[in-house]
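Survey of secondary and tertiary structure
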Amino acid sequence: MYALKSVAGALGAGLIGFYLGIGGLGAVRALAGYDAWDTEMSITFGYVFGVIGWVMGAGMWGAWGREWFGLRTYDRKAPGWQRYFVFNTDHKVIGIQYLVTFIVVFLLGGLMAMLMRAELTHSGHQLFSNAQYNSIMGLHGIMMIAVAVAALVGGIGNYAVPLLIGAEDMAFPRLNALTYWLIPPVALTLLCTPLLGGIETGWTAYPPLSVLTNNAQILFDVAIITFGLTSILGGLNFVVTIIFMRAPGMTWGKLPIFVWAMFATAWIALLYTQGFAVSLLMVLLDRVAGMSWFDAANGGDPLLDQHVFWFYSHPAVYVMVLPGFGIALEMISHFSRKPLFAYRYAVGALLGILGLSGVVWAHHMFTSGMPNYLHGPFLVATELISIPTGLIFLCALGTIWMGRLWLTTPMLFALAVIFNFACGGVTGIFLADVPTDIHLQDSYFVVAHFHYTIMGGEIFALFGAIYYYFPKMTGRQYNERLGKIHFWWMFIGFNVTFFIMHWPGIQGMNRRIADFMSDLNTANLIVSLAGFFLGASFLVFVFNMVWSWIFGPAAERNPWRARTLDWQTDSPPPLENFPVPPVVRGHPYDYGVPGSVHALFPGRGAEEPPRPPSTFPGAAPAPAGGGGGGGGGG
Amino acid sequence: MTDAFRNALRIGGLVAVVLAFVTVVEYVFAVNVDSDQVRFVGLALAAIAKSWLIVYFFMHVYRVWRAEAH
Amino acid sequence: MALAGTAAHAPEHVVHDKAKMKLVGLWLFFFSESVLFGLLLSARFYLERINREEVDQLLGLGITCVLLLSSVTAFTAETAIEHDRRKLAGWMLVVTILLGTGFACGVGFEWGTAHFSKEQAFGSIFFTMTGIHAAHVISGIGLLVLTWFQLARGRFSGKDHWPVSGTVMYWHFVDVVWVFFYPALYLVK
Ligand SMILES: [Cu+2]
């Protein structure tokens, strides 16, 4: 049982490391004449050594660590389902590991949201104390941020990018496995925070509260610093992969748009994630070492934290939505049976967002008391970002325009991304403009806005991508009818919940507080009920995924008749992805262009060029729904 | 000792001498200059120059865009 | 579709330039780390402008020279192994390790004799910046020791010496960081 060996080894070595860290620190402290146990310092040291023990025990020692000592390395070649529980370096396995892990985290975070909405059905206290509500809200926030940062990038990105560029794996497969295996301890540590009193600061962890609050903050700090590390290493891996691992002929001008989006995303993750880590490190040092980064009485400044934190956390928004845009454009082109409209402008827009993302962070700080002369520049820079974002919209609309839309579940999700993000973009204008932002800051208007952008933009894209790649990943077809039910249920639930949520926000209802003014009772009750409705839609999704993975009909190689390389290999692909390495010839999106071929497989023959568009709709094995017809989400 | 090896070492030694010289000049400059702005700009320029020397000659940054890694 | 035959002479196996990928990956890692150090440097000027407390100037200049010298010996070690001179490379790695340890001890001494407290803003800045840098120095020493150990067992040659190059590059990077931290902490006022 390789799986058992690996997981038990990880847990065992993790625990040993944890106690060694605590014991070692205790011994040093005792020798130096202090108490052997210092809660936060001991936890920090135990955590660091525990995480090292965990990844080594999971198989990194055998696959990698031995090499540092000049020893022979070995892999655990686990068969079947067990390969998901070992230190596996195959990008397809890692992608699925990421996806399943983060769907679980997503459902847990969703449960937290349900609890919050239950508390907010009525003014006054219903179920929870203020501290409990804060804890639930903080956990919901950070878990969903983690899902948004890592599920699409780590899951779909890992799975699809090497396939889309015709590579056999990522550039650094062992590094890739490491980035995944760092995630479980992060998730466990976050779930342990309620044991120490719960996170009171929300996911932003602003000082001075984060310096003064209970011990749970230390778990939050170390967990998120680790999470940042995986994000950085993952970004590094994607950049090198996309530069060096492309198949012959896959020039930058022929790169599928999702790969371009991942390229921009990876640079942002690589260059900005340090900001979150540094801000949390300063909080940690203030707490554990008694420093004064944020203690104004001793020369520190709490605003420093906001600058450093938002230096990452605004660009983080693009780590979330750029891959969402990318996969949405990808699906829109395939399911409109048309070349991607203005491909070059879409690429330029993605790179433009990458360039601008680092100079807008202080739009989160208009009411923080930072110098007034900073308001103008950050307002203008923020508004400037709407230009490349608008370009991406135009590319999507131009592709849909006059297309023969094949409204499968993934396509519906892709269209919903465009609709939802447009709503989120419009409300964003009021938050980027200083005069309106001063009124709306920290209200439920902000909550509605960022749920429209992140959930409406990225999480919808994530679910679309899961449906899109489900046949490739599992070799089975999901149930199309259930998929469409899930889509409409989620789409309606989402829009009712968050559209109405703007209203209490405009009326001045504060976010992050368990109570509100009683004249907003009706609005909040409706939002809560719609929220429960939205939450229930994911039961359909989970049932569909689990059922279809086990009992679904076998999927063919290319159920979507798509031209990109990922669909030209078996479902699921063999270990080396392409038994015959592809040679790229034409553009990936030239639907309906006579004689155009995206890729050739020398020796395998040209069996794969897509059939003429007139044959496509009925060819899908599952109940594919009608082609043509009106725009779903638009 | 081959010529290529000797040349490589000679370049390294030369860069080391320059670095040491700049470091000492930097120190003497910093303790003797009165204007805050001049001192700041001077130190920044010295740091950029030194880091460029290390990045180019010691870390061989040009190997990144040279066709072959070695 | 008629194009199928034209690609017949395409390579069966695509060979990736693994050495170049490792090199670029390492540089990207340095790039990312520079942001970490850059943020700390910015925080230093944000909180305290150019003000500083009294520090031991002679010690500062001394450890700076020691670290610089260790970069030179590390460079010599890499150049030596590139030209198949394993013995010289080994000795140079040992000298580098000793100089690096000397630097770390110097920082430790500075910590022990500092006139300011970590509970004041400048103290927070000074201890955090030197501490994070020293953590990189110590991890660099660890890497150098592992590399030396393998070199002593006869592993590397002129054609196969990536671990030596990578470790030495990391060591130079740590030196580059100090090139900026030293004036910012010791000289700027
Ligand atoms: Cu922002």
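Below you will find a few notes about this structure. (Residues numbered from 1 in each chain as written. Chains lettered and ligands numbered in written order. Predicted model: local features only at pLDDT ≥ 70, side-chain atom pairs only at ≥ 80, totals over all residues. Heavy atoms only, no water.)

Glancing now at the overall build of chain A. Scanning chain A from terminus to terminus reveals 19 helices and 2 strands. Seen through its principal axes, chain A has C-alpha atoms that stretch 75 × 65 × 45 Å. Each of the 634 residues in chain A was classed as buried or not, and the buried ones make up 63%. Contacts in chain A between residues at least 24 apart in sequence constitute 80% of all its contacts with a sequence separation of at least 6. Carbon and sulfur atoms make up 70% of the accessible area of chain A, which totals about 22,200 Å². The positive charge centre, built from 29 side chains, and the negative charge centre, built from 31, are 16 Å apart in chain A. (Helix = DSSP H or I, 4+ residues; strand = E, 2+ residues; numbered from the N terminus. Buried < 20%, exposed > 50% of the residue type's maximum accessible area, 1.4 Å probe, protein only. Contact = heavy atoms within 4.5 Å. Areas by Shrake-Rupley, 256 points an atom, 1.4 Å probe, with all protein chains shown as cover. Lys, Arg positive; Asp, Glu negative; His and termini not counted. Charge placed at Lys NZ, Arg CZ, Asp CG, Glu CD.)

Before going further, it helps to spend a moment on the coordination of the copper ion. Residue and element names in this part refer to chain A. Only His314 (ND1), His363 (NE2) and His364 (NE2) from the protein coordinate the copper ion, and they sit 1.8 to 2.0 Å from it. In primary sequence terms, the donor set of the copper ion follows H-x48-H-H. With His314 in helix α11 (residues 302-336) and His364 in the loop between α12 (343-356) and α13 (375-384), this pair connects stretches of sequence that are 50 residues apart. (Donors = N, O, S within 2.8 Å, 3.2 Å for Na, K, Ca; no water.)

Here we take up the interface of chain A and chain C. The interface is formed by 45 residues belonging to chain A together with 43 residues belonging to chain C. Together, the buried faces of chain A and chain C total about 3,900 Å²; carbon and sulfur atoms form 72% of this surface. Summed over the three residues of chain A that lose the most area to chain C, namely Phe244, Gln274 and Trp293 of chain A, the buried surface amounts to 15% of that side. For the interface between chain A and chain C, the tally reads 0 salt bridges. Elements with a contribution of two residues or more to the side of chain A that touches chain C: α2 (39-68), α8 (216-244), α9 (257-272), α10 (274-288) and α11 of chain A. Here the element with the most residues in the side of chain A that touches chain C is α10 of chain A; it accounts for 6 residues. Classifying every residue of the side of chain A that touches chain C gives 32 nonpolar, 9 polar and 4 charged. (Buried area = accessible area lost by both parts, 1.4 Å probe. Salt bridge = Lys/Arg side-chain N within 4 Å of Asp/Glu carboxyl O. Nonpolar A, V, L, I, M, F, W, Y, C, P; charged D, E, K, R; others polar.)

As a further point, take a nonpolar patch on the surface. Residues and elements named next belong to chain A. On the surface, a cluster of nonpolar side chains totalling about 790 Å² of accessible area is made up of Val100, Val104, Phe543, Val546, Trp547, Trp549, Ile550 and Phe551. By residue number, the principal contributor to the nonpolar patch is helix α19 (residues 521-551), which donates 6 residues. Within the secondary structure layout, Phe543 lies in helix α19. Residue class for Phe543 comes out partly exposed when judged on its relative accessible area of 44%. (Patch = residues over 30% accessible without salt bridge, like charges linked within 9 Å, V, L, I, M, F, W, Y side chains within 5 Å.)

The next point concerns helix α15 (residues 409-432) of chain A. Taking 1.5 Å per residue as the helical rise, α15 of chain A with its 24 residues ought to reach 34 Å, and the 34 Å between its terminal C-alpha atoms agrees with that figure. Of all the 24 residues making up α15 of chain A, 17 are buried; the element is thus mostly covered by neighbouring parts of the structure. (Expected span 1.5 Å × (residues − 1).)

Here we take up the packing of aromatic side chains. Applying the stated criterion across every chain yields a total of 84 aromatic pairs over all chains. A ring pair is formed by Tyr182 of chain C and Tyr186 of chain C, whose centres lie 5.4 Å apart and whose planes are at 40 degrees; its orientation type is tilted. Taken together, the residues Tyr182 of chain C and Tyr186 of chain C, both in helix α5 (residues 162-187) and 4 residues apart, mark about one turn of the helix. No difference in accessibility class separates Tyr182 of chain C from Tyr186 of chain C, as the two residues are buried. In this arrangement the basic side chain of Arg246 of chain A is found over the ring face of Trp252 of chain A, its NZ or CZ atom lying 4.1 Å from the centre. (Phe/Tyr/Trp six-rings, centres within 6.5 Å; stacked < 30°, edge-to-face > 60°. Lys NZ or Arg CZ within 6 Å of the ring centre and 35° of its normal.)

Bringing the arrangement of the chains into the picture now. A comparison of contact numbers over the 2 pairs of chains in contact places chains A and C at the top. If you take every C-alpha in chain A and every C-alpha in chain B, the smallest gap between them is 12 Å, and the two do not touch.

Attention now goes to the side chain of His140 of chain A. By the element assignment, His140 of chain A lies in helix α4 (residues 130-164). On the accessibility criterion, His140 of chain A (12% relative accessible area) is buried.

Residue-level contacts link 37 residues of chain C with 36 residues of chain B. Summed over both sides, the interface between chain C and chain B buries roughly 3,200 Å², with carbon and sulfur atoms accounting for 77% of that surface. Per-residue buried area on chain C facing chain B is highest for Trp27, Phe75 and Leu187 of chain C; these three make up 19% of the total on that side. The tally of links between chain C and chain B comes to 3 salt bridges. Between Asp36 of chain B and Lys189 of chain C there is a salt bridge; the shortest N-O distance is 3.4 Å. Our enumeration of links across chain C and chain B arrives at 5 residue pairs in polar contact (both at pLDDT 80 or more). Secondary structure elements with two or more residues in the side of chain C that touches chain B: α1 (18-48), α2 (57-82) and α5 of chain C. Per element, the largest residue contribution to the side of chain C that touches chain B is 12 residues, and it comes from α2 of chain C. (Polar contact = N/O pair within 3.5 Å; in protein donor to acceptor, adjacent residues only side chain to side chain.)

A few words on the pattern of salt bridges. Counting across every chain of the model gives 14 salt bridges over all chains. Of the charged contacts in the structure, one is a salt bridge between Arg39 of chain B and Asp36 of chain B, with a shortest N-O distance of 3.3 Å. Taken together, the positions of Arg39 of chain B and Asp36 of chain B, both in helix α2 (residues 36-58) and 3 residues apart, correspond to about one turn of that helix. Between Glu82 of chain C and Arg63 of chain B there is a salt bridge, with the nearest N and O atoms lying 3.1 Å from each other. Taken together, the residues Glu82 of chain C in helix α2 and Arg63 of chain B in the segment after α2 connect one chain to another. Residue classification places Glu82 of chain C among the partly exposed residues on the basis of a relative accessible area of 22%. One salt-bridge network, held together by shared partners, links Asp36 and Arg39 of chain B together with Lys189 of chain C.

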